[in-house]
2 protein chains.
Amino acid sequence: MDPVFAFPLHLPGPGSRQLLRALHGQLRAAILDGRLRPGQRLPSSRAVAQAYAISRNTAVAVYDLLLSEGYLRTRRASGVYVADEQAAAAPAGESERAALAQRHLAARWRDAIDGTAIVGGGVFRLGVPELSLFPFDVWRRLGARALRQFARLPADYAPAQGREALLHAVAQHVAFARAVACRADDLVITSGAQQAFDLLARVLVTPGRTAVAVEEPGYPPLRTAFAAAGATLVPVGVDGEGLQVELLPRDLRVICVTPSHQFPLACAMSARRRAELLQFARSRDAVVIEDDYDGEFRYAERPLDALQTLDRGERVFYVGTFSKSLFPGLRLGYVVAPAWARAALIRAKQASDSHSDVLAQDTLAAFIAEGHLARHVRRMQAVYAQRRVALLHGLQRQFGGLLEPLPSLAGLHLAAGVVAGAAVPAWVTRADGDPARPATLRRFQSEDGGRAGLVFGFGVADAAAIGPALAQLRHAWNG
Amino acid sequence: MDPVFAFPLHLPGPGSRQLLRALHGQLRAAILDGRLRPGQRLPSSRAVAQAYAISRNTAVAVYDLLLSEGYLRTRRASGVYVADEQAAAAPAGESERAALAQRHLAARWRDAIDGTAIVGGGVFRLGVPELSLFPFDVWRRLGARALRQFARLPADYAPAQGREALLHAVAQHVAFARAVACRADDLVITSGAQQAFDLLARVLVTPGRTAVAVEEPGYPPLRTAFAAAGATLVPVGVDGEGLQVELLPRDLRVICVTPSHQFPLACAMSARRRAELLQFARSRDAVVIEDDYDGEFRYAERPLDALQTLDRGERVFYVGTFSKSLFPGLRLGYVVAPAWARAALIRAKQASDSHSDVLAQDTLAAFIAEGHLARHVRRMQAVYAQRRVALLHGLQRQFGGLLEPLPSLAGLHLAAGVVAGAAVPAWVTRADGDPARPATLRRFQSEDGGRAGLVFGFGVADAAAIGPALAQLRHAWNG
């Protein structure tokens, strides 16, 4: 802290021609951003001159300039104050603001939409991975190398589709990890899975005309992206075999599914349903969006083939993300897109944000190519498998006869349905759960009904913490 | 390179139970991504066993598994080959692809839209800054620190509005650098200016109903973002004082301008026009988007106040970017938004890509807070000022009587109009210029007519290279 202002000033050395301008600019900035508050008295120009070892004349000239610009005012010759006008003149009244919002904001953005990030859950937080075992030293080293290479090239915008090295690395990764048939050119790099949904919604939806099936219960942020694009959402039920294909209405254009690990029920779509879904898409001329958000983590010997792998008619868009296998702050994901839609997706990416962060792309490309991703996923799979077992045992011990874990083979969460006839506390059936408790299934149902239950993330749940947390939860259950 | 395959295999140590699975997965991945081509003959299982020091049985078992899955086939007992089916079965025919695109892609994404990145220009490339003087060592150090701090926290999604430290740093930066009245909470961090345009278009445009004025000539990617949102674009002429406010039709809802440094003409909007524009917005109930993409670099003593600074009616959205002051690969920009529109913008950001890259945000926050941004801008301003003078002198020397530089006070490019009566080579009047030559003004005009001329970026034009490049261009002009 500086002696006379409660924030630091950065001034050039004495005698600099820049001094007046620097002092003026920094004080004006402090007034504009509120570090100097309206009505606040300023130190005297003498005190300022002394504190910063500048000439009195310079300090006086800066104050005069700020006075003439209206940023300061004098009061009864008792000193110099920050003018009130800044704060007073700018804001419109609340009613005027409401009117501006009403007239200028497109209707679908005016009011809150469900689909903000899923937060809360305490120990059983959903959708976030463990970072304590992440090889940050490797990431730092590869990041520094990417920066060195980047620094040698002239500045430029990058291709909207993605950096070439990353396209190749991701193609190998999905071919290996998920048996998804994919070459570099089939991919579009996105800023996380959310942007993949958003770009797909933009290119596949004609506002007011395109019907899109979403899983019920399902993932709210995906619904938001399609609703924002003007789609008509059609929630379709999910049972233990995944999306109930036989319930799909006929006039759908897009069907969104999470076949590896249904969100939130955690079940895998059966082989039969996968075949039926692809058959439906072919015969009814629909396309399928396969959201494989955490399918890298599997607890069965051989996973079922991805829909993208099974598809022979170019009808499946496969969406992946590095938010679960690496970390969500990275904001990198991808779409494996059929040839007929790729150019449109790349144009939509270009219009949305030109391209994704170059250094992050280059760092990730090296991280994958050098085998660190595969190694980290392998390591974390063992960790998550242990947590999953601890969770299943704990549920059996604490909630046997009350909650029944639904079968699942992959991912970072489990769902447990209330056993028929068991007494259920009111909070378990509510959509707006206590953020310190596991999310309720109801949170992910857009319509009333559906099975009551809880969703337990184990991405950040230390195995040793699971038992005590469940004991505490059981206590809350009893009320 | 490995001895028997033309790509490296990463196998666990001998005796590992993972060995079979690793070899199988990596060969399958190589088949799926094309490193092993359909019809390609594989080395014998004996050769594989020898090359990787694994048991013959393991190699045979992996081949058998791949054969049973259909990835390989045997041919006349002469060996094992990659199956052709992978390549042959998947792609639909071209006509089927065209039909899928026609039926499934929303009309506005089906065909190429103007507005891809502006590329080419040779020495006089537009819109890219000089990186050779960028303090990459500082960036690396701050990036490493951000990563260390990040590694200590549990993984999580970040607020869509932006990381708190960055919101505060940017607020101070714009208050200081541009006298834009702004507190942290007035900001939304975006992935570059392009995403700012995209989010604004999404929240302000009702498809088919909202008319948006854009400058003519103007910046194509901004037009793309608004067209993609379904806006009706209304090109409005620009003269030496900026947008011709008197030509604005009455039923506009949104007016997009580049007042500090018009793109591409490079002029500044006069104080009179600024006042008229704000008056128009108030009286006709329109809002203004002020795109200040490179206004940090100024060559006059005191810049005119930003529209956002002058506005007293909450009608101005101020868009800034770090693509010019730092580097385009960073993908960070921001909107200073009136209170009534902020929540909608944050929701749109959430739906678009959840939030921007966390490590890049944290690194930038420290870079600004520690004064490195201000220092770099100051330093680069001197460099660019020198290049600008070299360009003006060179134009006078080589193109006196042919091209007339248009007045400008800021930014990283200049425009020069063809002098009345001068002979003009055909390429100067075309929209699709030679990528080795400066961009033509025609490239940025959506309608025929308008003054012929060239646009000279000097962001990456070394002062010493400018003279020779202009001499060469003069040669091409004559020839």
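Residues numbered from 1 in each chain as written. Chains lettered and ligands numbered in written order. Predicted model: local features only at pLDDT ≥ 70, side-chain atom pairs only at ≥ 80, totals over all residues. Heavy atoms only, no water.

Bringing the nonpolar core into the picture now. If you look at the biggest cluster of nonpolar residues, it comprises 69 residues, and the most contacted ones within it are W139, F322, L326, F327 and F456 of chain B. No other element matches helix α15 (residues 372-399) of chain B, which puts eight residues into this core. By size, the runner-up hydrophobic cluster in this structure holds 68 residues, among which are L167, L412, A422 and F458 of chain A. (Core = buried A, V, L, I, M, F, W, Y, C linked by side-chain atoms within 4.5 Å. Buried < 20%, exposed > 50% of the residue type's maximum accessible area, 1.4 Å probe, protein only. Helix = DSSP H or I, 4+ residues; strand = E, 2+ residues; numbered from the N terminus.)

A few words now on the packing of aromatic side chains. According to the stated counting rule, one finds 46 aromatic pairs over all chains in the structure shown. Measuring from ring centre to ring centre gives 5.4 Å for F399 of chain B and W477 of chain B, while their planes differ by 75°; the resulting arrangement is edge-to-face. Here the residue F399 of chain B occupies a position in helix α15, and W477 of chain B occupies one in helix α16 (residues 463-478), the gap between them amounting to 78 residues. Like W477 of chain B, F399 of chain B is buried. Members of the aromatic cluster, connected to one another through ring pairs, are F134, F136, W139, F327 and F367 of chain A together with F150 of chain B. It is R474 of chain A that lies over the ring of F399 of chain A; its NZ or CZ is 6.0 Å from the centre. It is R437 of chain B that lies over the ring of W427 of chain B; its NZ or CZ is 4.5 Å from the centre. (Phe/Tyr/Trp six-rings, centres within 6.5 Å; stacked < 30°, edge-to-face > 60°. Lys NZ or Arg CZ within 6 Å of the ring centre and 35° of its normal.)

A few words now on the relation of the copies chain A and chain B. Overlaying chain A with chain B gives an RMSD of 0.1 Å, the required rotation being 180° about an axis along which the chain moves by 0.0 Å. In the structure described here, the two chain copies are related by an operation that fits a two-fold rotation axis. Relative to the rotation axis, the C-alpha of D357 of chain A is the closest in chain A, positioned 3.8 Å from it. A symmetric contact is evident, with 100% of the interface residues of chain A recurring at the interface of chain B. (Least-squares fit on C-alpha atoms with pLDDT ≥ 70 in both. Contact = heavy atoms within 4.5 Å.)

So, about the interface of chain A and chain B. Listed by partner, the interface residues are 104 residues for chain A and 104 residues for chain B. Summing the contributions of chain A and of chain B, the shared interface buries around 9100 Å²; its carbon and sulfur component is 56%. When residues of chain A are sorted by the area they lose upon contact with chain B, H104, W109 and W340 of chain A head the list and together hold 9% of the total. Our enumeration of links across chain A and chain B arrives at eight salt bridges. A salt bridge links E314 of chain B to R97 of chain A; its shortest N-O distance comes to 2.6 Å. At the boundary of chain A and chain B, one finds 33 residue pairs in polar contact (both at pLDDT 80 or more). By residue number, the principal contributor to the side of chain A that touches chain B is helix α13 (residues 339-353) of chain A, which donates ten residues. Of the residues belonging to the side of chain A that touches chain B, the class tally is 54 nonpolar, 21 polar and 29 charged. (Buried area = accessible area lost by both parts, 1.4 Å probe. Salt bridge = Lys/Arg side-chain N within 4 Å of Asp/Glu carboxyl O. Polar contact = N/O pair within 3.5 Å; in protein donor to acceptor, adjacent residues only side chain to side chain. Nonpolar A, V, L, I, M, F, W, Y, C, P; charged D, E, K, R; others polar.)

What follows is about the sheet that holds strand β7 (residues 254-257) of chain A. Residue and element names in this part refer to chain A. With respect to topology, eight strands assemble into an open sheet ordered β3-β10-β9-β8-β7-β4-β5-β6, the strand pairing being mixed. With partners counted over all chains shown, the strands left at the sheet margins are β3 (187-190) and β6 (242-243), one partner each. Helix α9 (residues 192-204) contacts β3, β7, β8 (287-291), β9 (316-321) and β10 (333-336) of the sheet and is inclined by roughly 155° relative to β9. Against the sheet, helix α10 (residues 220-228) touches β4 (211-216), β5 (232-239), β7 and β8, its axis set at about 165° to β4. (Pairing = 2+ DSSP bridges. Axes fitted to C-alpha atoms, helices over the stretch in contact; angles between N-to-C directions.)

All names here are of chain B. Within the fold, T440 resides in strand β13 (residues 439-440). We classify T440 as buried; its relative accessible area is 1%. Among the polar contacts listed, one links the side chain of T440 to the backbone oxygen of R430, at a separation of 2.6 Å. Contacts of T440, omitting those with residues within four sequence positions, involve W427, V428, R430, A431, G453, L454 and V455.

Here the focus is the environment of H355 of chain B. Of note, H355 of chain B is situated in the loop between α13 (339-353) and α14 (358-369). Relative accessible area serves as the criterion here: at 1%, H355 of chain B is assigned to the buried category. Considering only alpha carbons, one finds H355 of chain B and P159 of chain B, 196 residues apart in sequence, at a separation of 6.5 Å. The contact partners of H355 of chain B, leaving out residues within four places of it in the chain, are P328, G329 and R331 of chain A together with Y157, A158, P159, A160 and K349 of chain B. From its side chain, H355 of chain B meets the backbone nitrogen of A158 of chain B in a polar contact 3.1 Å long.

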